Amino acid sequence: MSVSENCVQIDLLKDKVVANAQDLVNNNHMTGLESKAQKLSLDENDFLFDPVIFNMIKPCEFKFQYDRFEVIRSESSQKNLVDLGDGLILRPLKRDDFKRNYIGLMSLLSVVGEVSQEDFEKRFDQMKQAANTYFICVVEDINKQLVIASLTLVYEQKFIRQVGARGRFEDMVVDVNYRGKRLSKLLLDVVVQLSNALGCYKISLECKDHLRKHYEQFGFVVEEGQNYLCRRFI
């Protein structure tokens, strides 16, 4: 396939993904969502979003170099996944990732509480119903069948900026046994490109002071005159 043909395919894929995002249901109104989710025929291997979107990622535009980033076809799911080498793959969150210790991974980041498999699947179904809103990208160690890193992009639709969209990065975490492998950098490289491909007019995140330099490597800055305010209820 020529470079021009490949670019055409990428443009068509981008148009499809963005068009799907424009057809989102109103995620602020959850009435009836649970009953709709219960009617779905959801396979336990169901992905939160279509992994074909990984075809849009251009490794040549990464801020850092990685040992491997190769889009492959999974024999079991017949979906596109990304081979990172050393038995690690990048993919969307799956409905059965409870058994791969996803909740345990999240507990390294913040208080999780008591979350059962039923709770996990219910929330997964609700997120999937809000199509093209939650892009939870995870890294799995396929030899140990464990999810060992995760980063979430929330695609937030707006009326401003010509009915544009803003991206929010949430819940970046890497298992302590896998730190030092540049997995957080790789996830950031991927999700920054994904945000741009989806047409976000800006992306933002919250982080501790000592992590600012880490995110500044990817173009994040503290904007003059801007303040982050928070009110907690729990």
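Draft legend 1. Structural detail: the overall build of the chain. Within the chain, the regular secondary structure consists of seven helices and seven strands. For the chain, the proportion of its 234 residues judged to be buried stands at 42%. In the chain, 66% of the contacts between residues at least 6 apart in sequence involve partners at least 24 apart. Accessible surface computed for the chain: about 14700 Å², of which carbon and sulfur atoms make up 46%.

Draft legend 2. Inspection of the pairing of strand β3 (residues 88–92) at higher detail. The buried fraction of β3 is high, at five of five residues. Note: strand β2 (residues 80–85) against β3, three bridges, orientation antiparallel. Directly across from valine 82, in β3, lies its bridge partner leucine 90. Once β2 ends, the chain turns through two residues before running back antiparallel as β3, passing aspartate 86 with a positive phi of about 55 degrees.

Draft legend 3. Structural detail: the environment of alanine 131. Relative to the elements of secondary structure, alanine 131 occurs in the loop between α4 (117–129) and β4 (134–141). On the accessibility criterion, alanine 131 (36% relative accessible area) is partly exposed. Taking C-alpha positions, alanine 131 is 7.7 Å from phenylalanine 49, a pair spaced 82 residues apart along the chain.

Draft legend 4. Structural view of the nonpolar core. Core analysis: the biggest nonpolar cluster contains 52 residues, and Phe69, Leu84, Leu90, Tyr102, Val139 and Leu183 have the highest contact counts within it. Looking at this core, the element that brings in the most residues is helix α6 (residues 183–197), giving eight residues.

Draft legend 5. Structural view of the pattern of salt bridges. Under the counting rule described, the total for this entry stands at 13 salt bridges. With a shortest N-O distance of 2.6 Å, lysine 158 and glutamate 156 are connected by a salt bridge. Take lysine 158: its relative accessible area is 24%, and that puts it in the partly exposed class.

Draft legend 6. The arrangement of the pairing of strand β5 (residues 146–157) in detail. Among the 12 residues that make up β5, nine are buried, leaving the element largely enclosed by the rest of the structure. In the sheet, β4 pairs with β5 via eight bridges, with the strands oriented antiparallel. Residue pairing for β5: valine 138 is matched across the bridge by serine 150. Hairpin geometry of β4 and β5 is characterised by an intervening segment of four residues between the two adjacent antiparallel strands and by a positive phi of about 55 degrees at glutamine 145. Alignment of β5 against strand β6 (residues 165–174), held across eight bridges, turns out to be antiparallel. Across the sheet, the residue bridging to serine 150 is valine 173, located in β6.

Draft legend 7. Region of the structure containing the packing of aromatic side chains. Here the structure, examined in full by the defined rule, presents nine aromatic pairs. Ring centres 5.7 Å apart and planes at 50 degrees place the aromatic pair phenylalanine 64 and phenylalanine 218 in the tilted group. Taken together, the residues span a long stretch of sequence, with phenylalanine 64 in the loop between α2 (33–39) and β1 (70–73) and phenylalanine 218 in the segment after α7 (212–216) at a distance of 154 residues. Judged by centre distance (6.4 Å) and plane angle (85 degrees), the ring pair of tyrosine 215 and phenylalanine 220 falls under edge-to-face.

Draft legend 8. Representation of α4 within the structure. Across its 13 residues, α4 extends 18 Å between first and last C-alpha, which sits within 8% of the 18 Å expected from 1.5 Å per residue. Every buried residue of α4 is accounted for by Phe120, Glu121, Phe124, Asp125, Gln126, Met127 and Gln129.

Draft legend 9. Spotlight on α6. Counted at 1.5 Å a residue, the expected span for α6 with its 15 residues is 21 Å, and the 21 Å between its end C-alpha atoms agrees. Remark: glycine 199 follows α6 within two positions and exhibits a positive phi of approximately 90 degrees.

Draft legend 10. Here's a closer look at the side chain of arginine 91. The residue arginine 91 is located in strand β3 in this model. Discounting chain neighbours no more than four positions away, the residues touching arginine 91 are Phe47, Phe54, Leu81, Asp97, Arg100, Ile136, Cys137, Val138, Glu140 and Val147.

Draft legend 11. Molecular detail of unusual backbone geometry. We note that valine 163 has phi near 45 degrees; this positive angle belongs to a residue other than glycine. If you trace the backbone, valine 163 turns up in helix α5 (residues 160–163). Within the chain, aspartate 171 stands out as a residue other than glycine whose phi angle is a positive 55 degrees. Locating aspartate 171 in the fold gives a position in strand β6. Taking relative accessible area as the criterion, aspartate 171 reaches 37% and is therefore assigned partly exposed.

Cut-off values and rules
- Residues numbered from 1 in each chain as written.
- Predicted model: local features only at pLDDT ≥ 70, side-chain atom pairs only at ≥ 80, totals over all residues.
- Heavy atoms only, no water.
- Helix = DSSP H or I, 4+ residues; strand = E, 2+ residues; numbered from the N terminus.
- Buried < 20%, exposed > 50% of the residue type's maximum accessible area, 1.4 Å probe, protein only.
- Contact = heavy atoms within 4.5 Å.
- Areas by Shrake-Rupley, 256 points an atom, 1.4 Å probe, with all protein chains shown as cover.
- Pairing = 2+ DSSP bridges.
- Core = buried A, V, L, I, M, F, W, Y, C linked by side-chain atoms within 4.5 Å.
- Salt bridge = Lys/Arg side-chain N within 4 Å of Asp/Glu carboxyl O.
- Phe/Tyr/Trp six-rings, centres within 6.5 Å; stacked < 30°, edge-to-face > 60°.
- Expected span 1.5 Å × (residues − 1).

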